[in-house]
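The primary structure of each chain is shown beneath.
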Amino acid sequence: MGFLTFGSLGTVSGLTMVLRILLAGCCGGAIGYERENRQKPAGLRTHVIIGVASSLMIIISKYGFYDVLADHINVDPSRVASSVVTAVGFLGSGVIFTRNKTVSGITTSAGIWATVGVGLAIGSGQLFLGIVATGMILVVELFLGRSVRFLPSGPNVIRINVEISGDQAELSALKEKIEAQDFKVWRFEFIQKEGEPMKASLLVTPMKGKNMADIPALKEPWILSMEVKGRLV
C-alpha cells in the first residue's frame, strides 16, 4: 500500500515523493533566507511554501491520475505544471512596488518565479537540476549588480531611510552623527531628483552594547523624516 507502481515509469514510493517535497522546501528556503536578510517583502516562509507547493503540484500532475487511466482516457501531465507557472505571476506581481517613479521588488518577484521552477524540477525527479538552479539563483541575488563586499545579515541589521533637505554636506553630517552613536555603516546610498528632497538609505549594525532602540532621534532642521526598519530576535 505504501508503494505505487506505474508500469514503465518504475516504482516511486510515497516516501520518495515526501523527500522531494522536503528538498524543494529546503531549496526555496535558501532563496528566501537571502531575501529575508536583505529585508525584502517576500522572505523565508513565502519561498518555502512556494517550493513545497510547486513540488506538490507537479507530483500530483505526474502521478495523481494513474488510477483513472484507461485505453480511452488520456491525461496531459504538463497541464498542472503550466498552470502553476502562470498562476505564480499574480503572486510575484504583488511584491513589485512603484514609488516616485522608482520600481523595486523586481528581483524578488523573479526569485519567486524561479523558486517555482526549482520546485517543479525537484518534484518531477530532476533533483540535481533543481539544486544547481538554486545555487545559480543565490549567486545572482548575492553578487550580481552589487559591489563585491560581504554585507552583514541577521536581526542586528538595521535600515535607516532619511529624507534630507540639503546636499553632500548634510549627507556627510548624517553619516558622522550615526557613527558617533556606535553604529557601523555598511552601505550608504542616496538619490536626489530635481525639485524633491534628497533621500538616503543606510544599512547599519550596532556595536557591542547597542541595539535598535539606541538609534538617535536626530533633531536637525535639514532632516525632514526618518524611518528605521529592523527585525527583533
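Residues numbered from 1 in each chain as written. Predicted model: local features only at pLDDT ≥ 70, side-chain atom pairs only at ≥ 80, totals over all residues. Heavy atoms only, no water.

Points about the sheet that holds strand β6 (residues 183-191)
Spelled out, the test is: Pairing between strands is defined by DSSP: at least two bridges between the two strands are required. Helix numbers and strand numbers start at the N terminus; a helix is a DSSP run of H or I with at least 4 residues, a strand a run of E with at least 2. In this analysis an axis means a line fitted to C-alpha atoms, helices contributing only their contacting stretch, and an angle means the value between N-to-C directions, from 0 to 180 degrees.
Reading across the sheet, the four strands line up as β6-β7-β5-β8 and stay open at both edges, with antiparallel pairing between neighbours. Edge positions in the sheet fall to β6 and β8 (223-229), since each of these pairs with one other strand and no more. Between one strand axis and the next, the sheet turns through 20° on average, direction left out of account. Sheet analysis places strand β5 (residues 158-164) next to β8, joined by six bridges and oriented antiparallel. The residue bridging Asn161 from the neighbouring strand is Glu227, located in β8.

Brief notes about the environment of Phe183
As a reminder, the rule being used: Note on exposure labels: buried denotes an accessible area under 20% of the residue type's maximum, exposed denotes more than 50%, and partly exposed covers the range between, all computed with a 1.4 Å probe on protein chains only.
One can find Phe183 in strand β6. Classification of Phe183 as buried rests on a relative accessible area of 3%. Residues Phe183 and Thr205 lie 22 residues apart in sequence; the distance between their C-alpha atoms is 5.6 Å.

Structural notes on a nonpolar patch on the surface
Defined as follows: Nonpolar side chains (Val, Leu, Ile, Met, Phe, Trp, Tyr) within 5 Å and like charges within 9 Å form the patches, drawn only from residues with over 30% relative accessible area and no salt bridge. All accessible areas in this document rest on Shrake-Rupley with a 1.4 Å probe, and a residue is counted as covered only by the protein chains that are shown. A pairing counts as a salt bridge when a side-chain nitrogen of Lys or Arg comes within 4 Å of a carboxyl oxygen of Asp or Glu.
Where nonpolar side chains cluster on the molecular surface, the patch consists of Leu15, Val18, Leu19 and Leu22 and spans about 390 Å² of accessible area. Mapping Leu15 onto the fold places it in helix α1 (residues 14-37).

Some points on the pairing of β6
Both faces of the sheet carry side chains from a regular strand, because those side chains alternate between them. Pairing analysis gives eight bridges linking β6 to strand β7 (residues 198-206), with the strands arranged antiparallel. Across the sheet, the residue bridging to Phe190 is Ala200, located in β7. The hairpin turn running from β6 into β7, its antiparallel successor, is six residues long, and Gly195 in that turn takes a positive phi close to 80°.

Some details on the pattern of salt bridges
Counting across every chain of the model gives four salt bridges. The residue Arg35 makes a salt bridge to Glu34 at a minimum N-O spacing of 2.7 Å. Glu34 matches Arg35 in its accessibility class, with the two residues each being buried. In this structure, the salt-bridge partner of Glu189 is Arg187, at a minimum N-O distance of 3.8 Å. Owing to a relative accessible area of 42%, Glu189 belongs among the partly exposed residues under this scheme. Judged by its relative accessible area of 19%, Arg187 is buried. Here the salt bridges do not stand alone but share partners, grouping Glu34, Arg35 and Glu141 into one network.

Let's talk about α1
Put simply, the test is: Here a helix's expected span is defined as the number of its residues, less one, multiplied by 1.5 Å.
Over its 24 residues, α1 extends 34 Å from the first C-alpha to the last, a length consistent with the 34 Å expected when each residue adds 1.5 Å. Directly beyond the C-terminal end of α1, a positive phi value near 60° is found at Gln39.

Quick notes on the nonpolar core
In plain terms, the rule: Grouping buried Ala, Val, Leu, Ile, Met, Phe, Trp, Tyr and Cys residues that are joined through side-chain atoms within 4.5 Å yields what is termed a nonpolar core.
With 16 residues, the main nonpolar core has Ile160, Val162, Ile164, Leu174, Ile178, Leu202 and Val204 as its most contacted residues. Put simply, the parts of the chain that give this core at least two residues each are β5, α6 (168-180), β6 and β7. One finds Met17, Ala42, Tyr63 and Val116 within the second-largest nonpolar core, a separate group that totals 13 residues.

Some points on the environment of Ile131
Here is the rule we go by: Residues count as neighbours in contact if any of their non-hydrogen atoms are within 4.5 Å of one another.
For Ile131, the position within the fold is in helix α5 (residues 127-143). Along the backbone, Ile131 and Ala121 are ten residues apart, and their C-alpha atoms lie at a distance of 9.1 Å. If near-sequence neighbours (up to four positions away) are discounted, Ile131 is found in contact with Leu23 and Cys27.

Side note on the confidence of the model for the chain
Do not read the fine detail of predicted coordinates wherever pLDDT is low. Using the following cut-off: Confidence of the predictor in every single residue is expressed as pLDDT, which spans 0 to 100.
Averaged over all residues, the pLDDT of the chain equals 77, while 73% of them reach at least 70. Across residues 1-10, where pLDDT falls below 50, the model places 14 contacts with residues more than four positions away in sequence or in other chains.

With respect to α6
Our working rule: In this context, the arc is that of the directions from the helix axis out to the C-beta atoms.
In this model α6 runs 18 Å from its N-terminal to its C-terminal C-alpha over 13 residues, within 8% of the 18 Å that 1.5 Å per residue would give. Listed as buried for α6 are Glu170, Leu171, Leu174 and Ile178. The arc enclosing the buried residues of α6, seen along the axis, measures out at 105°, which places them on a common side. In this structure, α6 carries Glu176 and Ala180 as exposed residues pointing more than 90 degrees from its buried face. Residues of α6 that are buried make contact with β5, β6, β7 and β8. Just beyond α6, the residue with positive phi is Asp182, at close to 65°.

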